[in-house]
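Here are the chains, one letter per residue:
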Amino acid sequence: MVIVSAIAKKLNLPGKTQCFTMNLEKDMNRQSVIEKHYPENIRTEVFRTLMNEPIDGIPKIYSVREEPGGWVVTEEYIQGRTFAEVLQGGLFNKKTAVNYCLKLCNILEQLHAKGIIHGDIKPENIILGNDGKMWLIDFDASHFVKDAVGRDTVMLGTPGYASPEQFGFGRSDPRSDIYAIGVLLNIMMTGKHPIYQTISGRLSIVVEKCTDVDPERRYQNIKELKQGLRHPRRRHEFLPVGFRSMNPIKMILAVLGYGAWIMMAVAVTVPDRESDAKAFMFFRGWFIAAFIGTIFIFFNYGGINNIFSKKKNSRHIAAKFAQTIIFLVIITLIVFIWGSSVNAW
């Protein structure tokens, strides 16, 4: 074999940060391979599983062997550019970003079926090969799903992409990779983390659901995420506000609120005088529009807040109050001007 180059790279390992070298070599079949040297305390189960059960879209692992002082993993070398390098030339459009995320989901679906979590999905670990094929690389943070309940005791993954449970707030599982996909999708289309700016349009629903702090509110598996990417919508999103989450307490409060609104609208009688009747009809129109508009804006019905701002802080309660007040001022001015034009006042 002829050594072409040697590269040094840092790896986060239990207890401390270690360094290892990667030697790019060419074998007798002129197949490019990469040789990674790991310390002796590295767990090799994931590498051995991928060697015995290869997955399309993941570089082939040719050998996992022990050497004095550590382990050596020899795997296929993929020629191409990482997504991080591609992003330096510009953002992905919606169609391309969704297509690549669906391809990534296909890879992860097979990986998760073997009980393996990648644990470090980010632009630097996804390669767009010279032939146009997408590859998922770098399984240094990968591990098997643990059946025991508890919390992760070792931080693995990259801050910003790693889910909260990977920092000791819970037990990581396939939903941890789903969290990272949400961050990845947002960065592919905006260049920013969802904390600072969220994708506009209906894909914001996917990003929000993927990156929810509570794993129970994320997509529960890759199949659900794929469905969400193809048809981004909230569950029960077209039900009235208060019923979309199917939370009993919220539904009771919604029934009381809607009931009070209907009683207020019905209780007022139409005045006898024509001028008063006109004013009453305009007031009733303002009342209905103000109520519906306030509900839509404050509870982000159908993702309407994205019309006001693409930033995630547009869904902060203070921003919602400000948007609601602006809406009420605008609708009041419209009703007043319109009513004045027909001598309703």
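Asks: Sorry if this is basic, but what is going on with the sheet that holds strand S9 (residues 134–136) here?
Replies: Sheet strands associate in pairs through backbone hydrogen bonding, adopting either a parallel or an antiparallel arrangement. A sheet is described by the order of its strands in space; here three strands give the open sequence S6-S8-S9, paired in antiparallel fashion. Because the sheet does not close on itself, it has two edges, and the strands there are strand S6 (80–82) and S9. Adjacent strand axes in the sheet meet at a mean angle of 30°, parallel and antiparallel pairs treated alike. With three bridges joining them, strand S8 (residues 126–129) and S9 adopt antiparallel strand pairing. Following the sheet pairing, Ile 127 is matched in S9 by Trp 135.

Asks: What exactly am I supposed to notice about the packing of helix H3 (residues 94–113) against helix H6 (residues 222–230) here?
Replies: Working note: a packed helix pair is described by the angle between its axes plus the distance between those axes. Viewed as axis vectors pointing N to C, H3 and H6 meet at an angle of 170°, and their least axial separation amounts to 9 Å. Regarding the angle of H3 to H6, the classification is roughly antiparallel. Between H3 and H6, the contacting residues are Val 98, Cys 101, Leu 102, Cys 105, Asn 106, Leu 108, Glu 109 and His 112 on the first element and Ile 222, Lys 223, Leu 225, Lys 226, Leu 229 and Arg 230 on the second.

Asks: Got a minute to help me understand unusual backbone geometry in this structure?
Replies: Note: most residues except glycine have negative phi, and most peptide bonds are trans. Although it is not a glycine, Asp 138 adopts a positive phi angle of roughly 60°. Tracing the backbone through its elements, the reader meets Asp 138 in the loop between S9 and strand S10 (143–144). On the basis of relative accessible area, Asp 138 is assigned to the buried category, the value being 8%.

Asks: How do you make sense of a nonpolar patch on the surface when you look at a structure like this?
Replies: On the surface, Ile 325, Val 329, Leu 333, Phe 336 and Ile 337 cluster together into a nonpolar patch covering about 510 Å² of accessible area. One can find Leu 333 in helix H10 (residues 317–341). Using a relative accessible area of 48% as the deciding quantity, one classes Leu 333 as partly exposed.

Asks: Can you help me understand helix H5 (residues 203–210) in this one?
Replies: Since the α-helix advances by 3.6 residues per turn, residues separated by three or four positions end up pointing in the same direction. A large share of H5 lies buried, amounting to six of its eight residues. All of the buried residues along H5 are Leu 203, Ser 204, Ile 205, Val 206, Val 207 and Cys 210.

Asks: Just to check I follow, could you spell out helix H4 (residues 174–190) for this structure?
Replies: Taking 1.5 Å per residue, 17 residues should reach 24 Å; H4 reaches 25 Å between its end C-alpha atoms and fits that length. Of all the 17 residues making up H4, 16 are buried; the element is thus mostly covered by neighbouring parts of the structure. Just downstream of H4, Gly 191 is the residue with a positive phi angle, here 80°.

Asks: Sorry if this is basic, but what is going on with the packing of H3 against H4 here?
Replies: Direction vectors running N to C along H3 and H4 enclose 165°, while the axes themselves pass 10 Å from each other. With respect to their mutual orientation, H3 and H4 come out roughly antiparallel. For the pair H3 and H4, the crossing hand works out as right-handed. Note on element contacts: H4 touches H3 through Pro 174, Asp 177, Ile 181, Leu 184, Leu 185, Met 188 and Met 189, opposite Lys 94, Ala 97, Tyr 100, Cys 101, Leu 104, Cys 105, Leu 108 and His 112.

Asks: Got a minute to help me understand the side chain of His 118 in this structure?
Replies: Take His 118: it is sitting in the loop between strand S7 (116–117) and S8. With a relative accessible area of 0%, His 118 lands in the buried category. There is a polar contact of 3.0 Å between the side chain of His 118 and the backbone oxygen of Ile 137. Ignoring sequence-local partners within four residues, the contact set of His 118 consists of Leu 108, Leu 111, Asn 125, Leu 136, Ile 137, Asp 138, Phe 139, Ala 141, Ser 142 and Asp 177.

Asks: Even after reading the chapter, I still don't get the nonpolar core, so can you show me in this structure?
Replies: Across soluble globular proteins, nonpolar side chains have a tendency to be buried as a group. Counting residues in each nonpolar core, the largest one holds 52 residues, and the members touching the most others are Leu 50, Leu 104, Ile 181, Leu 185, Leu 225 and Leu 229. Beyond its immediate stretch of four places on either side in the chain, Leu 104 contacts Ile 121, Ile 126, Met 134, Leu 136, Ile 181 and Leu 184.

Asks: Just to check I follow, could you spell out the side chain of Asp 173 for this structure?
Replies: Relative to the elements of secondary structure, Asp 173 occurs in the loop between S10 and H4. With relative accessibility at 15%, the residue Asp 173 sits in the buried group. Within polar-contact distance, the side chain of Asp 173 engages the side chain of Arg 175 at 2.8 Å. Setting aside chain neighbours within four positions, we find Asp 173 in contact with Ile 117 and Val 145.

Asks: Would you take a moment to explain empty space enclosed by the protein for this structure?
Replies: Any empty space left between atoms is shown by rolling a water-sized probe over those atoms. All told, the structure shown has two cavities of 30 Å³ or more when counted by the stated rule. Of the voids in this model, the largest cavity is the one considered here, and its volume is about 50 Å³. Grouping the constituent residues of the lining of the largest cavity by class yields six nonpolar, no polar and two charged. What the second largest cavity holds in volume is close to 40 Å³. Considering the residues around the second largest cavity, the lining is formed by Gly 119, Asp 120, Ile 121, Thr 158, Tyr 161, Ala 162, Gln 166, Ser 176, Asp 177 and Ala 180. When its residues are assigned to classes, the lining of the second largest cavity shows four nonpolar, four polar and two charged.

Rules used in this analysis
For every chain, the first residue of the written sequence is number 1, and numbering continues from 1 along that sequence. Whole-chain, interface and lining totals are the exception, using all residues; otherwise, since this is a predicted model, local features are given only for residues with pLDDT of at least 70 and side-chain atom pairs are given and counted only at 80 or more. Calculation of side-chain values draws on the structure's entire complement of heavy atoms; hydrogens and water are dropped beforehand. Here the rule is simple: two strands pair whenever DSSP picks up at least two bridges between them. Starting at the N terminus, helices and strands are each numbered in turn, a helix being any DSSP run of H or I of at least four residues and a strand any DSSP run of E of at least two. Between N-to-C directions, angles span 0 to 180 degrees; the directions come from axes that are lines fitted to C-alpha atoms, helices contributing only their stretch in contact. With respect to orientation, any angle under 35 degrees is reported as roughly parallel, any angle over 145 as roughly antiparallel, any angle of 65 to 115 as roughly perpendicular, and every other angle as oblique. The contact rule is simple, with two residues in contact once any of their heavy atoms fall within 4.5 Å. Each residue's exposure class comes from its accessible area (1.4 Å probe, protein chains only) as a fraction of the maximum for that residue type: buried when under 20%, exposed when over 50%, partly exposed otherwise. Candidate patch residues must exceed 30% relative accessible area and have no salt bridge, after which like charges are joined if within 9 Å and Val, Leu, Ile, Met, Phe, Trp or Tyr side chains if within 5 Å. For the area figures, the Shrake-Rupley method with a 1.4 Å probe applies, and any residue is considered shielded solely by the protein chains shown. Whenever Lys or Arg places a side-chain nitrogen within 4 Å of a carboxyl oxygen from Asp or Glu, that contact is recorded as a salt bridge. What a helix is expected to span follows from its residue count: subtract one and scale by 1.5 Å. If you view the pair so one helix is near and one far, a crossing is left-handed when the near helix is turned anticlockwise from the far one by less than a right angle, and right-handed when it is turned clockwise. Definition of a polar contact: a pair of N or O atoms within 3.5 Å, with one able to donate and the other able to accept a hydrogen when the atoms are protein atoms, and with sequence-neighbouring residues admitted only if both atoms are side-chain atoms. Throughout, nonpolar core names a set of buried Ala, Val, Leu, Ile, Met, Phe, Trp, Tyr and Cys residues whose side chains join them through atoms within 4.5 Å. Only protein atoms enter the 1 Å grid used here, on which a cavity is any set of points holding a 1.4 Å probe that cannot leave and a pocket is any open set flanked by protein within 12 Å on both sides along at least five of seven lines; residues with an atom within 4 Å of a point are listed as lining. Grid points are joined across faces, edges and corners, and a volume is the space filled by probe spheres set on the points. Throughout, the ten residues Ala, Val, Leu, Ile, Met, Phe, Trp, Tyr, Cys and Pro are labelled nonpolar, Asp, Glu, Lys and Arg are labelled charged, and all others, Gly among them, are labelled polar.

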